[in-house]
Amino acid sequence: MGMPLLNVEHLTMRFGGLTAIDDVCFDVRRGEITALIGPNGAGKTTLFNCITGFYKPGSGRITLSQGDADPEQLQKLTRSGRRHKAFVSGDLCLLERMSDSEIARRAKVARTFQNIRLFSGMTALENLIVARHNMLMSASGFTILSLLGARSYRRAEKEALEAAKYWLAKIGLYERADDAAGSLSYGAQRQLEIARAMMTEPVLLCLDEPAAGLNASESAKLNELLHAIRESHGASILLIEHDMSVVMRISDHIVVLDYGRKIADGTAAEIRNDETVIAAYLGIEDRDLHLTPALPGA
């Protein structure tokens, strides 16, 4: 059988005497939405930072397989050591050996953050086009070809503009393309940030609390957008989320952390009735309790 898109194996991350992630293993399967949940301080963002290259884990392996790689190919890549280009072989990438920029560019992993990081003084359109910076710079020969009006640069520039227009229409902001991003509503800014991540054409989209601060209507629009991304653009999604109404409604697969350790892994129905998960969220053990989408503080 082929490998999952993302495979996290025995990942451990320590900060001095604090173990933030403790021997965590899970998969993100192709074409699925995987939610990473748990109480505050469970290690969710630390795990995200390891996957996207902001932190280097103390031990463990994070493998991203873009194509039809097999375990034998992974073994060969692992044995190749940590020398130049030893983190990529064909469709396989060892993310724990790569920098954050390499993970974004070569492994095609895109990310949003818990706090919105748009360029508030730039227009909505400009915020999307800036996501194609690396592609445009490469096509321009690092400015020389753009100054000469080279065909390759004009083509890349046109493709970036068309992609930006597409995503603006997708999130309902086409008519506000020339408005400053900072003037948009909070919910619109959240969607614009996700659209900007999709401008890089990722195979894995990592979202850190995309529903934070959204009202019910905005959450519903977010759900529609994430389903559209999964179904129409071939990107798998890994998200951290505290809004259980969002998690239970859209997730194909849920991984639960508590104090840095994985305590559950399964479908929404399985997680909803898992007594270990209930105890972790509520701090009690009671066979009569059931985790519901409206769980306070989840």
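Residues numbered from 1 in each chain as written. Predicted model: local features only at pLDDT ≥ 70, side-chain atom pairs only at ≥ 80, totals over all residues. Heavy atoms only, no water.

*Asks:* Even after reading the chapter, I still don't get the environment of His10, so can you show me in this structure?
*Replies:* Positionally, His10 belongs in strand E1 (residues 6-15). Here His10 falls in the partly exposed class, since its relative accessible area comes to 46%. In sequence terms His10 and Phe26 are 16 residues apart; their C-alpha atoms lie 8.8 Å from each other. Residues contacting His10, with those up to four places away along its chain left out, are Asp23, Val24, Cys25, Ser59 and Gly60. (Helix = DSSP H or I, 4+ residues; strand = E, 2+ residues; numbered from the N terminus. Buried < 20%, exposed > 50% of the residue type's maximum accessible area, 1.4 Å probe, protein only. Contact = heavy atoms within 4.5 Å.)

*Asks:* Help me understand the sheet that holds strand E8 (residues 204-208), please; the structure alone is not making it clear to me.
*Replies:* Ordered in space as E7-E8-E9-E3-E10-E11, the six strands form an open sheet in which the pairing is mixed. Each having just a single partner strand, strand E7 (109-111) and strand E11 (261-266) make up the two edges of the open sheet. Within the sheet, the average angular offset between the axes of one strand and its neighbour, ignoring direction, is 15 degrees. By the bridge criterion, three bridges tie E7 to E8 in an arrangement that is parallel. Residue pairing in the sheet places Val109 in a bridge with Leu204 of E8. On the sheet, helix H1 (residues 44-51) packs against strand E3 (33-37), E7, E8, strand E9 (236-240) and strand E10 (253-258) and is oriented at approximately 145 degrees with respect to E9. (Pairing = 2+ DSSP bridges. Axes fitted to C-alpha atoms, helices over the stretch in contact; angles between N-to-C directions.)

*Asks:* Just to check I follow, could you spell out the pairing of strand E2 (residues 18-28) for this structure?
*Replies:* Successive side chains on a regular strand alternate, one facing one side of the sheet and the next facing the other. With seven bridges joining them, E1 and E2 adopt antiparallel strand pairing. Bridge pairing in E2 links Arg14 to Thr19. The hairpin turn running from E1 into E2, its antiparallel successor, is two residues long, and Gly16 in that turn takes a positive phi close to 65 degrees.

*Asks:* Where do I start with helix H8 (residues 186-198) in this structure?
*Replies:* Working note: α-helix, 3.6 residues per turn, so residues spaced by three or four point in the same direction. Helix length check: H8, at 13 residues, gives a terminal C-alpha distance of 19 Å against a target of 18 Å (1.5 Å per residue), a fit within 8%. Of all 13 residues in H8, 12 are buried; the element is thus mostly enclosed. Of all the residues in H8, the buried ones are Gly187, Ala188, Gln189, Arg190, Gln191, Leu192, Glu193, Ile194, Ala195, Arg196, Ala197 and Met198. (Expected span 1.5 Å × (residues − 1).)

*Asks:* How should I be thinking about unusual backbone geometry in this particular structure?
*Replies:* Negative phi is the rule for most residues except glycine; trans is the rule for most peptide bonds. Backbone geometry at Asp23 places phi at a positive 55 degrees, although glycine is not the residue there. Within the secondary structure, Asp23 is located in strand E2. On the basis of relative accessibility, which here comes to 37%, the residue Asp23 falls in the partly exposed class. A positive phi angle is found at Lys108, which is not glycine, with a value near 60 degrees.

*Asks:* Is there a simple way to explain helix H9 (residues 216-233) in this structure?
*Replies:* In this model, H9 (18 residues) spans 25 Å end to end at C-alpha, consistent with the 26 Å of a helix rising 1.5 Å per residue. Residues of H9 that are buried include every one of Glu218, Ser219, Leu222, Asn223, Leu225, Leu226, Ala228, Ile229 and Arg230, and no others. The backbone nitrogen of Ser217 has a side-chain oxygen 3.1 Å away, supplied by the residue at the start of H9, namely Asn215. Gly234 sits one or two positions beyond H9 and adopts a positive phi of about 70 degrees. (Polar contact = N/O pair within 3.5 Å; in protein donor to acceptor, adjacent residues only side chain to side chain.)

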